[in-house]
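Observations on the model geometry
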Amino acid sequence: MSQLIETRQATLERTTAEIVEIRFKPGLVLDKNGLDEVLAERERFCSNTGKHAVLAIFPNDADFDLAVMTQDHYSGRKVVDCTRFLAVAASSLMHERMASLYFAYFPQTFTTRIFIEEAEARTWLSAQLAERSLN
C-alpha cells in the first residue's frame, strides 16, 4: 500500500489506505511555495482513494517563513474535500503554538489537532479512525 512522494521540503507517504504521513525535512525553512507543493502532492492522493487522515510531522529544528502564517493555504483547494483528519506532531512547544495559532485564524472543515509528540498525534489519529469505523 505504501506510496512515497518527495518534495523539496517534505516526503509524503500513504502508509495505509486511510493515512498519509508527511515528514518535513530537518533544517528546513518552511515557505509558502514549499507548503503549496506539499498540498499539491496531497491532492494526488485524493484522486486515488477519497478521504484520508493526515499525520504531519515537523522536526524540532524546523523554521517557518512568517508569510506561511498569513494566509489560508487550504482555501479553494480540493485537498480540503478529501481530508478527514489532520494530526500535527509539532516536535516543540514553539511549533505547537504556531500551528495552533494558524488553525485558530484559519479553521478548516476537517478536524485538526496539534500535538508536540509524534506518538500522541499517531494515537489520536488512530482513535479517530477507529471511532469513525464504528459509526
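Reading guide: rules and limits
- Residues numbered from 1 in each chain as written.
- Predicted model: local features only at pLDDT ≥ 70, side-chain atom pairs only at ≥ 80, totals over all residues.
- Heavy atoms only, no water.
- Core = buried A, V, L, I, M, F, W, Y, C linked by side-chain atoms within 4.5 Å.
- Buried < 20%, exposed > 50% of the residue type's maximum accessible area, 1.4 Å probe, protein only.
- Helix = DSSP H or I, 4+ residues; strand = E, 2+ residues; numbered from the N terminus.
- Contact = heavy atoms within 4.5 Å.
- Phe/Tyr/Trp six-rings, centres within 6.5 Å; stacked < 30°, edge-to-face > 60°.
- Expected span 1.5 Å × (residues − 1).
- Arc of directions from axis to C-beta.
- Pairing = 2+ DSSP bridges.
- Axes fitted to C-alpha atoms, helices over the stretch in contact; angles between N-to-C directions.

So, on to the nonpolar core. Grouped together as the largest cluster of nonpolar side chains are 33 residues, with contacts concentrated most on Ile22, Phe24, Tyr74, Leu86 and Val88. At the level of secondary structure, the elements contributing two or more residues to this core comprise strand 2 (10–14), strand 3 (19–24), helix 1 (32–49), strand 5 (52–57), strand 7 (83–89) and helix 2 (93–105). The greatest single-element share of this core, amounting to 5 residues, is contributed by helix 1. If we ignore the near neighbours within four places in the chain, the residues touching valine 88 are Ala56, Phe58, Ala99, Phe103, Arg113, Ile114, Phe115 and Ala121. Grouped together as the second largest cluster of nonpolar side chains are 12 residues, Ile19, Leu55, Ala87 and Leu125 included.

Under the defined criterion, the tally for this structure stands at 8 aromatic pairs. Ring geometry for phenylalanine 24 and phenylalanine 58: centres 4.3 Å apart, planes at 5°, overall stacked. One end of the pair, phenylalanine 24, is in strand 3; the other, phenylalanine 58, is in the loop between strand 5 and strand 6 (63–64), and 34 residues separate them in sequence. Of the residues examined, phenylalanine 58 reaches a relative accessible area of 11% and is grouped as buried. With centroids separated by 5.1 Å and ring planes inclined at 85°, the aromatic side chains of tyrosine 102 and phenylalanine 103 adopt a geometry described as edge-to-face. In this pair, the class of tyrosine 102 matches that of phenylalanine 103, namely buried. Counting every residue linked through ring pairs, the aromatic cluster contains Tyr74, Tyr102, Phe103, Phe106 and Phe110.

The subject of this paragraph is helix 2. Taking 1.5 Å as the rise per residue, helix 2 with 13 residues should run 18 Å; its terminal C-alpha atoms sit 18 Å apart, in good agreement. Every buried residue belonging to helix 2 is among His95, Glu96, Met98, Ala99, Tyr102 and Phe103, and all of these are buried. Considered in projection along helix 2, the buried side chains sweep an arc of 165° and stay on one side of the axis. Exposed positions of helix 2 whose direction lies more than 90 degrees from the buried face are Arg97, Ala104 and Tyr105. The inward-facing, buried residues of helix 2 abut strand 6, strand 7 and strand 8 (111–115).

Taken together, the 6 strands give an open sheet; going across it, the order is 1-2-3-5-7-8, and neighbouring strands pair in mixed fashion. The strands lining the two open edges of the sheet, one partner per strand, are strand 1 (3–6) and strand 8. Taking the axes of each pair of neighbouring strands and ignoring which way they run, one obtains an average angle of 15° across the sheet. Pairing of strand 3 with strand 5 involves 5 bridges; the strand directions are parallel. Within strand 5, the residue paired with valine 20 across the bridge is valine 54. Strand contacts of helix 2: strand 7 and strand 8, with the helix running at about 160° to strand 8, the strand carrying the most contacts.

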